[in-house]
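# Examining the three-dimensional arrangement
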Amino acid sequence: MVVHQQVEDLRERLQLLQKDRRANVDLLETTKLNNAEEIKSLREENKELRSKLTRLHKSFSSSKQQGKNELATLRREVLDRRTEYDSLKLASGKRMRELINLRDEAKACELEATRTTQDDTPLASQIRLLENRLDTAMIKYNEAQSI
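In this report, we go over the structure that sits alongside the text.

The rules we used
- Residues numbered from 1 in each chain as written.
- Predicted model: local features only at pLDDT ≥ 70, side-chain atom pairs only at ≥ 80, totals over all residues.
- Heavy atoms only, no water.
- Helix = DSSP H or I, 4+ residues; strand = E, 2+ residues; numbered from the N terminus.
- Buried < 20%, exposed > 50% of the residue type's maximum accessible area, 1.4 Å probe, protein only.
- Areas by Shrake-Rupley, 256 points an atom, 1.4 Å probe, with all protein chains shown as cover.
- Lys, Arg positive; Asp, Glu negative; His and termini not counted.
- Charge placed at Lys NZ, Arg CZ, Asp CG, Glu CD.
- Patch = residues over 30% accessible without salt bridge, like charges linked within 9 Å, V, L, I, M, F, W, Y side chains within 5 Å.
- Salt bridge = Lys/Arg side-chain N within 4 Å of Asp/Glu carboxyl O.

Moving on: the overall build of the protein chain. Looking only at helices and strands, the protein chain features 2 helices and 0 strands. Taken over the C-alpha atoms alone, the protein chain extends approximately 190 × 35 × 30 Å along its principal axes. Buried residues in the protein chain amount to 1% of all 147 residues. Here the protein chain has roughly 14500 Å² of accessible surface; of this, 57% comes from carbon and sulfur atoms. Considering the protein chain, the positive charge centre built from 29 side chains and the negative charge centre built from 26 side chains are found 8 Å apart.

Together, E38, E44, E45 and E48 make up a negatively charged patch on the protein surface. Take E45: it is sitting in helix α1 (residues 2–118). Under the relative-accessibility criterion, E45 is labelled partly exposed at 43%.

Structure, rendered in structure tokens:
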């Protein structure tokens, strides 16, 4: 009977070990399936990220080219504005010199005009005296003619 009981104990242990092994196999299969699904989702995510990266590289290269074109356009515009500024500055300088010359001429004319009116030389007073006499003689002549 002891042998029979030992055989029964061994069978029970064997059954327990088989159940334990089966549970381990099931657990490993579940883990394997989960890992396979995780790998699949990671591969899809990787594929999406690579496509996004490719699109970003394309858009970056096109925007980089567009940026270079805009930069060249802006440089040309700056050059044009600088040329225009230089020409206007030159014209402004010419106008300022003309203005200064004209002001100098106007001052010279004013000084000359004040000199002639301020001349109280004997010759100028004699000319005024003669002009007054001439005017008086003309008035008397016209009155004599009208009588």
